[in-house]
Structures are given as structure tokens and as C-alpha cells.
Amino acid sequence: MWRVRRAVVACEVCQSLVKHSSGIQRNLPLQKLHLVSRSIYRSHHPILKLQRPQSRTSFQQFSSLTNLSLHKLKLSPIKYGYQPRRNFWPARIAARLLKLRYIILGSAVGGGYTAKKTFDEWKDMIPDLSDYKWIVPDFIWEIDEYIDLEKIRKALPTSEDLANLAPDLDKIAESLSLLKDFFTAGPKLVSELIEASGPLLLLGSPGETAFRAKDHGSESDKHYKKVSDKEKIDQLQEELLHTQLKYQRILERLEKENKELRKLVLQKDDKGIHHRKLKKSLIDMYSEVLDVLSDYDASYNTQDHLPRVVVVGDQSAGKTSVLEMIAQARIFPRGSGEMMTRSPVKVTLSEGPHHVALFKDSSREFDLTKEEDLAALRHEIELRMRKNVKEGCTVSPETISLNVKGPGLQRMVLVDLPGVINTVTSGMAPDTKETIFSISKAYMQNPNAIILCIQDGSVDAERSIVTDLVSQMDPHGRRTIFVLTKVDLAEKNVASPSRIQQIIEGKLFPMKALGYFAVVTGKGNSSESIEAIREYEEEFFQNSKLLKTSMLKAHQVTTRNLSLAVSDCFWKMVRESVEQQADSFKATRFNLETEWKNNYPRLRELDRNELFEKAKNEILDEVISLSQVTPKHWEEILQQSLWERVSTHVIENIYLPAAQTMNSGTFNTTVDIKLKQWTDKQLPNKAVEVAWETLQEEFSRFMTEPKGKEHDDIFDKLKEAVKEESIKRHKWNDFAEDSLRVIQHNALEDRSISDKQQWDAAIYFMEEALQARLKDTENTIENMIGPDWKKRWMYWKNRTQEQCVHNETKNELEKMLKFSEEHPAYLASDEITTVRKNLESRGVEVDPSLIKDTWHQVYRRHFLKTALNHCNLCRRGFYYYQRHFIDSELECNDVVLFWRIQRMLAITANTLRQQLTNTEVRRLEKNVKEVLEDFAEDGEKKVKLLTGKRVQLAEDLKKVREIQEKLDAFIEALHQEK
């Protein structure tokens, strides 16, 4: 019963569907229809819409019915009214092809395929830029730190806003229905529409759909298509250029805003608003590491492999201008055609709230926004360069360290080297060219140095010298960046623009580079500001044919892009090499510490500066010791030294001539005259010289005498140098000589001996003086006549022929003195003849001059012995002296003379001692301090005076420790920045 009801219902449904169908004229059973058609028919029936089972075929996606129940609707087969199935498959295919949805789907797929093919062709024409990813600065990838992307996302329209902006789908459906009616007009119109939609042949089947491209164009169409593609490519290139320039302007605007914001933040930090201490910048830490390395290894050997940007180029190629554009200030001295860079200049660029520059060894800041400070900075750099250049040279390898800070500066370390020259001109040293080459090679041979090769684009490439040098140092171009300057002049003067492209691509040079850039450094006017040059550069490249014809890419022009690329490459190389260098210095430190422990286990590791400070303290202590010398000691050594200096003059020129007179009156007169002459001309000067020499001797004694176990011979050379330099600088007070003359004259005028003790002291002083002279005279005679018979017998010595002649002459003269003990000091001519004849009679040939020389020594000895005997007689003559030798045959005027000399020596020594202790010792101490201060500032002097393996080992150990500590701190800061 229920099966019959269901069959009846099914028949009614089929009949209703057939009645409402507009596309099929025949009445077919529902079971015989296609599944897709059945789904369409059922969608129009109000009852079966709720009873349609869920379709499981692959065409379910085309059905618009999605809300049917899940149970299956089982239709019983209709056994009555059955008609045989007729297969009109061509009609069905045509009907399906004429469906609007297939036409739209085919057009969409064909258009997508054509668009994809065109996109692939354009993509193939774009060069591979993967090797230039390093040129894009890091902050582009970190743009979210500078731009609030969340704010931009919130500002974008929502899905509801987009739905409101989307077209009305109902109106589109009406348009499509009109198109459907239009397509039903005929197959011919449909085929034409298919051909117009694209060269696609649609092939369909009940289970799949495929597309195949078909070319229907002729040869002329192909030519037209190529022409149109070329025009499209040119148009796209122009649009790409405008897009890049637009992006560049947006980027510059963002950088400018970021620069102002960072400037405000840094200014607030400087004012202490945030109450926090700013850490030292990363680039400043790295610059300090390089400075320490330069001091440790000035020759840039294998120890120093840390990166830096080395700027090299031919003279007047624009190196200085490029650096000034990067530093955003005109900081270097310049001249027209003249060599201005005479020594390497290390410029450390870093960010700061103010645009300032300062030297490593100076605290003065130069405000780079003021023209007077810029002029002073250029003048200071020029003075330092000329100071570094030694006499007879043109350039110097000594480096000038300069720090430049400012908002928006790219952090890096650049070294500006003297320009490479081809010919040595007049005024230059002959070895200038070789010196520049050696300096450049020393910096470029560092395997981690970035070589910024500057080439003048306005001159012929064949005239370049620096490219050969760079290709030798970096043959593979893995760390070279090529920069073509003065491109505006090159584009104006060069007849073939492709030549510039060949230069920028390195095809005209035997060198390779990591990147190629073209810049404009102004119009040649030295008074142009950096901002004016930058505007001129941007304006030039916007209108340049080099960019419009794609000879240059947008990222290869302007100094701004160059600065970003160099900074990025610099920090990339720093990150790759700094940890390796830190490990190397750790190993070096371990080796040095082990060597020190094995060689100097009980000594501290004092470097050259610490050793100098220790020696300085010792020297100052020894100078202070001079003030602790007792007055008695000063007077004793002064009196003894002065007598040793003047004793010869007193004996030979005063005493002996006066003693050979016949009476006491003549003796005293002769003595007074000669003493007056001596005091006026020689004695004060001799006394001052003696005092100064005594001070030097005492100072030297304190400086050089060993201090026991604490004495360190490593200071000997330094102390000797300090002593000599201090004595050289010390000048004795000239006013002391005049006052000393008066004192000495008064002391010699006094003849009064007050007591017996003074009398005995004078006799003792006279005996010592005469005995010393007698001993010297006997030694002279002994050397003249040779050894006596005892020495000849004991030591097997013999006399020479000349000594034998002197001995015979001496014997003959002694015989003469025995007959006349009061003989005068000089021989008469007849006496000389008599002596010569007597010697000739014994077979001895003598010369009269030999007789005179021998007589002088023989008579001198005879006179001194007589004077000593007279001293013994005068010991009891003080009583006769008090009576002025009246009624006495004993006259002791010679004793009075020696007493006057002795008293003068004592008074002079006392006066000189007072001057020494009150004035000269303090002045000498001051000179020593000045010398030590000068030596402390002179590094070469310390290296020369404090030498040895121990000093060098301690020096290396300290430097390595300092380098390692700075490297570790820098690596830690580098990791924190990441």
C-alpha cells in the first residue's frame, strides 16, 4: 500500500518538473535524466526540496541545494508507461557547452592562464638580485620597529566595508541572465565569443574539465605582439623606476622623522630626564678596540684582522668628498690639485643628539653645524698631519683618530688614506709613491677590511692606478665596493653612455667588486653645503639617462644608498670575524702568561708606563736626598774639590815664584800681586764650576749607587738619561760669582793667625800640599830615567836609550846642586854648556833642551824637599810670628801664605754650600720633575730607555688583556643588540 503511494507521489513530482522545464521539450522519466539535470529540476519542486538525498558525486559543488535531509529517497521503478532511452549525445553536449557558467568559467581560466604566462615572461626578464640582498639595509626587515603596523592594520577597511564597496551581485545576476539569452541565439555567436575570449579550446566530460592553449595568430600578429610587449616592458620599467624613486622619497622621509625622534630622545637622555646612564655605543666600543690594536700592532700584522672600511683612490678622485657626504659635514682640509691627506685618518661614525666631532686625545668638541668650528676642525687636522710627517718626508703612516657623532649617521669605522699617485712632483720626497703604496697595502691586506675603491668618472678609466692595487689585494672582489664619482661630469662629457655602464660594472678594469655605486659629489664648489650637494645629486639621478635606460639601478646611486650598503656590509663582516679574533687573543694571553710565570715568577707584571712611574718615584726620592746632606759634608767635599782645582796654580804660579825671591818683603809683595790677579780673573769662576760639578757628582752618586736587593738595573738607562737632561737644563745663578769675588778677596787679605792651633793647621796643610807635589815630581823623574837597579834586578826591566841619557843628565845636575844648594831656579847658558861637555866626555850626546827639562824636575824636587824641611823648623815659629819675626833668623812667610789660602778655601766652601742648599738643589729638583714629565709624554723616549725582554713581555701581556676585555664587552653588547 505504502509502496503504491510513494510511486504515485514520484509520478506527480516528475510530471511537475517536466512541466516547469524550459530547456527540454521531451517528457522523460526522472530516473533517466542526468544527475545534474535532476538536481536542477528538483530545485524547482516545493515538496521534493526537503526530501532530496545528499549527493555523493563529484558534481556536488555545482548544486545549489545544500539543505536537504540526510536520508535516501528510494524511488520504485515505474513499470507502466515505460519508453525506450534515446541517446542524443551531440545535443546534450551542445546544451551543456551553451550553459553560461561554462562559458564564464572557461573565459576566466583562459584569461588566468594568459596572465600567468605573461607574468612568467616578465619575471624572466628581471635580473637575479639575490646576490645584492646585502645592499638592502637591516632596518627594512625590521621596519615594524619604526612603523606602527598595528595602527595601519586598524586603519584598513574591514570585511563589512569591503562588502559595501563590492558590486551588487543581484545586478550581476541579471546581467548574466541577459547574456544567457543572448548566447542562446545561435551556436555561431557562441563560438565567436569563445574565440574572442582567448585562444582556448574547452574540452569537457562528465567527470573532468581540461584546457589546452591554441595559437590562431599569423606571423604579422606575432610581430605586432612583440612590439607591444616591448612597449609594455618599457612602460613597466619606467613605472618601476618611478616606484623606486617614490619608495626612496618615502624612505628618506621616514629616516628624517626617525632621525628627529632619536635626536629628541638622546637630548632628553643627555639632560637626565630619564635618570638613567646611557651605555657606550656599539661603534664607540669597536673603535676603542681598533685603537688598542693599533697601539699593540702598529704594522697591522696577523694580530689585527678586525674589519674597517678602507677608503682608497687616486689623488683628487673624490675620496674626501665621499667621506664628507657620509659624515654629513665638510670636515677634511682640501686644496686644488694639492695633496691634502698626508696621513691616515680613522673616522668613527656614530649616532648622537648633536652633530659634533672630537679627537681621541682631546676633550674639545667641534660643532659641525657652525662654520667657524668646521674651519677650526679642518685646520687642526691639517696641523696634526704636518706634525706626523717627519722631516724629509711627504706622508706619514701614523693614524689620526677622529670621532664624528650626529643624528642619523650610519655606524661604521672608515680610514681615509693618502691618494695614490703616479708621478712624484716637485716638493715631494722621492719615496712618496712607494710610501703611499706601502701604507695602502698595510691596511688593505687585512682579510676583513672592506675596500671602498673610489674612481673618478670624469677621467679616462685607463689612467687609474688604484684599481690595479685593489685587484692585487682582493683579486676575487669579495670585500671591495667600487664607487664611481663625478658621474654628472662623466655623463656630460662621455660620448658613449654605455662606457659608463662598462665602468660601473667593472668591465674596463681588471678587478671584481662586491657592489658598484655611482655618486655625485657636487658641482666642484668647495663652499657648497652637504644638503645642497645631496639635493643636486638626487635631482641629477631623477633626470639621468643612466637610470631611465636601466644602465644603473636605483639602489646603485646616491651616497645615501652607498652609506647604507657600506654600513650593512661592515657590520656583517664584524659579526663574522669578531668572535674569531676574541678566541685568538685568549690563546695569545694564555701563552704570554705562561711565559711570564716561567721566566719571572717573583716579579709583578709591570708594563712600560707602570715601570716608568716606579722609576719616577725612585728618582724623586733620590733628589730629595740631596737636601738631607749635612753642611759639614758639603763643605768638606767643596773645599777638597776646590783645592784640587786650584792647587797647581797656587804652587806653580804663586808659591814657587815668590819662594825663590831673596827676602821676605819681596816674597810678600809677589804673593799679594799674584793673589789679587788670581782673585779678579779666575778664582770666582773656578769656585762656581767646582760647586756645580760637586752638585752633579753628589746627584749622580745618589742616582747610580745600588740600593741593595731592591735595586733594579732596568732603571739604569732611564736614570742616566734623566740625570744628563736635568744637568743640561740647569743653569747656575750668575749673581753668585760677583758676591763670591768680594768674599774671596777679603779672605786672602787677612794675614792674622789668632792661635797656635791655626798655625799648626796651616803647617799641616802646607806639608800635605808640598808632599803631594814632591810625590808627583818623583814619579815624573822615575818615568824619565827608567827603573832603578832594584826594579831592574827584581822585575827584569831595562832602561831605554833615552832613559839612559836622562839618567846621566840627572846625575850631572844633582852634582851641581850639591855644590850650590841655594842655586836659583834657572840654569845659566854657561852651566848648560858645562853639563853638556861633561856628558860628552863620558860618551853621552845630549841636547840643551833635554838638559833644561831634566833640570826643571831635579830642581823642583830639591826645592820641595827644602821647603818641607823648612816646615819642620816653622812648627815652633808661632812665637816669632807674633813678634813679626823681629830679631829672628827664622821667617815663615810661606806658612802664612798657606794659611791665607786655607782660610779662603774654607770661606768659599761655606758660601757655596749655602747657595747649594738654599737655591741650587731646589732648582735641580724642579728640573728633574720637568724632565720626568716630558719623558712621561714622550712614548718613544720611554721605549728607548725602558727596554728588555721583561718589559716587552709585560707590555704585550697588558695589551692582550685589554684587547680581550674590550672584545668580550663588545661581543656581549653585539649579542644584546641582536
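Residues numbered from 1 in each chain as written. Predicted model: local features only at pLDDT ≥ 70, side-chain atom pairs only at ≥ 80, totals over all residues. Heavy atoms only, no water.

Let's talk about the overall build of the protein
Inclusion rule: Only runs of H or I of at least four residues qualify as helices and only runs of E of at least two qualify as strands under DSSP, and these elements are numbered from the N terminus. Working definition: with a 1.4 Å probe on protein chains only, accessible area under 20% of the residue-type maximum means buried, over 50% means exposed, and in between means partly exposed. Contacts: residue pairs with any heavy atoms within 4.5 Å of one another. For the accessible areas, the method is Shrake-Rupley and the probe is 1.4 Å, while residue cover comes only from the protein chains on display.
Along its length, the protein carries 35 helices and 11 strands. Residues counted as buried form 41% of the 978 residues belonging to the protein. The contacts in the protein between residues at least 6 apart in sequence include a share of 77% that link residues at least 24 apart. Accessible area of the protein: about 57400 Å², with a carbon and sulfur share of 52%.

Looking at the packing of aromatic side chains
Here is the rule we go by: Side-chain rings of Phe, Tyr and Trp, where Trp is taken by its six-membered ring, are said to pair if the distance between their centres is within 6.5 Å; with planes under 30 degrees apart they count as stacked, over 60 as edge-to-face, and otherwise as tilted. Either the NZ atom of lysine or the CZ atom of arginine qualifies as a charge over a ring when it sits within 6 Å of the ring centre and within 35 degrees of the ring normal.
Tallied over the full model, the rule gives 15 aromatic pairs. Seen in terms of ring centroids, Phe570 and Trp571 are 5.3 Å apart; in terms of plane orientation they differ by 75°. Their pairing is edge-to-face. With a centroid separation of 6.4 Å and an interplanar angle of 25°, the aromatic rings of Trp571 and Phe970 are classed as stacked. Separated by 399 residues along the polypeptide, Trp571 in helix α20 (residues 559–599) and Phe970 in helix α35 (residues 949–977) bring together distant segments of the chain. According to the relative accessible area criterion, Trp571 is buried, its value standing at 4%. Each residue in the set Trp643, Tyr655, Phe765, Trp855, Tyr859, Phe863 and Phe898 is aromatic and connected to the rest through ring pairs, giving one cluster. Taking NZ or CZ as reference, Arg411 lies 4.9 Å from the ring centre of Trp571, over its face. Of note, Lys942 hangs over the ring of Phe612, and the distance from its end group to the ring centre comes to 5.6 Å.

Focus: the pairing of strand β9 (residues 450–456)
So the rule is basically this: At least two bridges found by DSSP between two strands are what make those strands a pair.
Across the seven residues that make up β9, a large majority, seven, are buried. Of the two faces of β9, the one carrying Ile450, Leu452, Ile454 and Asp456 and the one carrying Ile451, Cys453 and Gln455 are both buried. Examined bridge by bridge, strand β3 (residues 309–313) and β9 share five bridges and lie parallel to one another. The partner of Val311 across the bridge, within β9, is Leu452.

Comments concerning the pattern of salt bridges
This is how it is decided: Whenever Lys or Arg places a side-chain nitrogen within 4 Å of a carboxyl oxygen from Asp or Glu, that contact is recorded as a salt bridge.
A complete count under the given rule lists 41 salt bridges for this structure. With a closest N to O distance of 3.0 Å, Arg589 and Glu593 form a salt bridge. Taken as a pair, Arg589 and Glu593 lie in helix α20 at a separation of four residues, close to a single helical turn. Glu593 sits in the buried class, given a relative accessible area of 18%. The salt bridge involving Glu955 is made with Arg608; its shortest N-O contact spans 4.0 Å. One end of the pair, Glu955, is in helix α35; the other, Arg608, is in helix α21 (residues 608–626), with 347 residues separating them in the sequence. Exposure class is identical for Glu955 and Arg608. Each is buried. Within this structure, Arg589, Glu593, Glu605 and Arg961 form a network of salt bridges that share partners.

Thoughts on the sheet that holds strand β7 (residues 400–405)
Just so we agree on the cut-off: Fitting a line to C-alpha atoms yields each axis, with helices limited to the stretch in contact; the angle taken between N-to-C directions then spans 0 to 180 degrees.
With respect to topology, nine strands assemble into an open sheet ordered β6-β5-β7-β4-β8-β3-β9-β10-β11, the strand pairing being mixed. Taken across any chain shown, the strands that pair with only one partner, and hence form the sheet edges, are β6 (366–367) and β11 (515–518). Sheet analysis places strand β4 (residues 345–350) next to β7, joined by six bridges and oriented parallel. For Thr348, the partnering residue across the bridge sits in β7 and is Asn403. The strands touched by helix α12 (residues 319–327) within the sheet are β3, β4, β7, β8 (412–416), β9 and β10 (480–485), with β8 carrying the most contacts at an inclination of about 160°. Running at roughly 160° to β9, helix α15 (residues 466–473) makes contact with β3, β9 and β10 of the sheet.

Structural notes on the confidence of the model for the protein
Formally: pLDDT is defined as a per-residue confidence score from the predictor, taking values between 0 and 100.
When pLDDT is averaged along the protein, the result is 75, and 70% of the positions lie at 70 or above. Taken together, the stretch residues 271–278 has pLDDT below 50 and engages in five contacts with residues farther than four places along the chain or on a different chain. Counted against residues more than four places away or in other chains, residues 299–303, with its pLDDT under 50, gives 13 contacts.

Section: the state of the cysteines
Rules: Cysteine sulfurs are considered disulfide-paired once they come within 2.5 Å of each other.
Under the defined criterion, the tally for this structure stands at one disulfide. The residue that forms a disulfide with Cys874 is Cys892, at a sulfur-sulfur distance of 2.1 Å. What sets the handedness of the Cys874 and Cys892 disulfide is the S-S torsion sign, and at about -100° it is left-handed. One end of the pair, Cys874, is in helix α31 (residues 848–874); the other, Cys892, is in the loop between α32 (878–882) and α33 (893–937), with 18 residues separating them in the sequence.

Quick notes on the environment of Tyr600
With respect to the helices and strands, Tyr600 occurs in the loop between α20 and α21. For the pair Tyr600 and Arg950, spaced 350 residues apart in sequence, the C-alpha separation works out to 8.0 Å. The contacts of Tyr600, once residues within four sequence positions are left out, are Lys949, Arg950 and Leu953.

Here we look at the nonpolar core
Worth spelling out the cut-off: By nonpolar core is meant a set of buried Ala, Val, Leu, Ile, Met, Phe, Trp, Tyr and Cys residues that side-chain atoms within 4.5 Å join together.
Tyr655, Trp678, Leu695, Trp759 and Ile901 are the most contacted members of the largest nonpolar core, which has 101 residues in total. A per-element tally of this core places α33 first, with 17 residues. Setting aside anything within four residues of it in sequence, one finds Leu695 in contact with Leu626, Trp634, Trp732, Leu916, Glu920, Val921 and Leu924. The next biggest cluster of nonpolar side chains, apart from the first, holds 68 residues, and it includes Leu452, Val574, Trp596 and Ala954.

Some remarks on a nonpolar patch on the surface
Our working rule: Residues enter patches when they are more than 30% accessible in relative terms and free of salt bridges; like-charged ones are connected within 9 Å and nonpolar ones (Val, Leu, Ile, Met, Phe, Trp, Tyr) within 5 Å.
Together, Trp793, Met794 and Tyr795 make up a nonpolar patch on the protein surface, roughly 450 Å² of accessible area in all. By the element assignment, Trp793 lies in helix α28 (residues 789–795).

Remarks on the environment of Val650
Take Val650: it is sitting in helix α22 (residues 631–659). According to the relative accessible area criterion, Val650 is buried, its value standing at 0%. For the pair Val650 and Lys674, spaced 24 residues apart in sequence, the C-alpha to C-alpha distance is 9.3 Å. Once you skip the residues sitting within four places of it in the chain, Val650 turns out to touch Trp643, Tyr655, Trp678 and Ile901.

Re the pairing of β4
The two faces of the sheet receive side chains in turn, since in a regular strand these alternate between them. With six of six residues buried, β4 lies mostly within the body of the structure. Note that β4 and β8 share five bridges and pair antiparallel. Across the sheet, Thr348 pairs through a bridge with Val413, a residue of β8.

With respect to the side chain of Ser726
Here is the rule we go by: Any pair of nitrogen or oxygen atoms within 3.5 Å is treated as a polar contact; in protein, a donor-acceptor pairing is required on top of that, and neighbouring residues in sequence qualify only through side-chain atoms on both sides.
Among the structural elements, Ser726 can be located in helix α25 (residues 716–729). Given the relative accessible area of 0%, Ser726 is considered buried. Within the structure, the side chain of Ser726 is placed 2.7 Å from the backbone oxygen of Val722, a separation counted as a polar contact. When neighbours within four sequence positions are excluded, Ser726 is seen to be in contact with Leu924, Asn927, Val928 and Val931.

A few points about unusual backbone geometry
With phi around 60°, Gln328 is a residue other than glycine that occupies positive phi space. As for its placement among the helices and strands, Gln328 is situated in the loop between α12 and β4. Positive phi values are uncommon outside glycine, yet Thr558 reaches one of about 75°. Tracing the chain through its elements places Thr558 in the loop between α19 (545–548) and α20.

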